[in-house]
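Structure assessment
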Amino acid sequence: MIYCVEDDDSIRELMLYTLKASGFQGRGFPEAAEFWQAIELAGTGREPVPRLIMLDIMLPGEDGISILQKLRANAVTARVPVIMATAKGTEYDKVKGLDLGADDYLAKPFGMMEMISRIKAVLRRSEPKEAEHTLLFGGVVIDLLQHTVTIDGKLVEMPLKEFELLKLFMENPGMAFSRDKLLSRIWDTDYMGESRTVDVHISSLRTRLGEWGSAIKTVRSVGYRLEVPHA
């Protein structure tokens, strides 16, 4: 999904049309408030994290430079590539945007085919190879770019904390994690009284994984691990 933050309705609709015609999914936002609502939902796993953001500098209310700064400070969007667009076309705006972490820059008016070419180039540079963004375990597949879990070929909705637990286990098969370590890694806390939270989420994750849930083993007096079957 590519997000287009552009206040000009005709330009935004043309961008979305061109994206669709070029095989991309697109979603448009006329201003910052609606855009941040979508980003907040992405942080909870209820919306996909965008693959790329087309961001106009001149916007009503919060401008593109401010939005870019917040995107780079947000854990959910820190690595999402951003292409800046502006009618100014001044060197100052270009340098400022790039210094703040923009991946590329388009000066208006720009052609739609140029936009698509820039998007493809930025995605090639920023997105890892498929093997690097896919985790496999039996019939369970995690797509790290799309933030999705597929079990035996079926897409399964998964709450964020359970997703992060599963990702951690699949990245470290066979490794035992204590409850304290899981609290620290997933919940960013070391309060021992919260260890029951880990048990509840593990139980829910096992249920959600179906037959594959039995691979998450309880390690007595320690915590949990993802059991790797012997060849």
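Keep in mind that this is a model prediction, so the values were computed, not measured. (Residues numbered from 1 in each chain as written. Predicted model: local features only at pLDDT ≥ 70, side-chain atom pairs only at ≥ 80, totals over all residues. Heavy atoms only, no water.)

At a minimum axis separation of 9 Å, helix 7 (residues 179-186) and helix 8 (residues 195-209) run at an interaxial angle of 85°. Taken together, the axes of helix 7 and helix 8 lie roughly perpendicular to each other. In this structure, helix 7 uses Arg179, Leu182 and Leu183 to contact helix 8, whose residues at the interface are Ser195, Val198 and Asp199. Along the lines of polarity and charge, the residues of the contact of helix 7 with helix 8 split into three nonpolar, one polar and two charged. (Axes fitted to C-alpha atoms, helices over the stretch in contact; angles between N-to-C directions. Helix = DSSP H or I, 4+ residues; strand = E, 2+ residues; numbered from the N terminus. Parallel < 35°, antiparallel > 145°, perpendicular 65-115°, else oblique. Contact = heavy atoms within 4.5 Å. Nonpolar A, V, L, I, M, F, W, Y, C, P; charged D, E, K, R; others polar.)

With that out of the way, let us pick up the sheet that holds strand 8 (residues 148-151). Ordered by their spatial adjacency, four strands build an open sheet running 6-7-8-9, and the pairing between neighbours is antiparallel. Single-partner strands in this sheet number two, and they are strand 6 (134-137) and strand 9 (154-156). The average angle at which neighbouring strand axes cross in this sheet is 25°, direction not considered. Here strand 8 pairs with strand 9 via three bridges, running antiparallel. In the strand pairing of strand 9, Thr150 is matched with Leu155. Sheet contacts for helix 6 (residues 160-171): strand 6, strand 7 (140-143) and strand 8; angle to strand 7, the most-contacted strand, approximately 105°. (Pairing = 2+ DSSP bridges.)

Before going further, it helps to spend a moment on the packing of helix 6 against helix 7. Running from N to C, helix 6 and helix 7 cross one another at 115°; their axes reach a closest spacing of 11 Å. By crossing handedness, the relation of helix 6 to helix 7 is classed as right-handed. Along the contact surface, helix 6 presents Lys161, Glu164, Leu165, Leu168 and Phe169, while helix 7 presents Leu182, Arg185 and Ile186. (Left-handed = near helix turned anticlockwise from the far one by under 90°.)

Here we come to the pairing of strand 4 (residues 82-86). Along strand 4, five of the five residues are buried, which leaves the element largely enclosed by surrounding structure. In strand 4, alternate side chains face the same way, and those of Val82, Met84 and Thr86 on one face and Ile83 and Ala85 on the other are all buried. A crossover connection joins strand 3 (residues 52-56) to the parallel strand 4 through helix 3 (residues 64-73); in handedness this β-α-β unit is right-handed. Sheet topology note: the strand 4/strand 5 (residues 104-107) ladder contains four bridges and is parallel. Opposite Ala85, over in strand 5, you have Leu106 as the bridge partner. (Buried < 20%, exposed > 50% of the residue type's maximum accessible area, 1.4 Å probe, protein only. Right-handed = clockwise from strand over helix to strand, strands pointing away.)

Read these as geometric descriptors, not functional statements.
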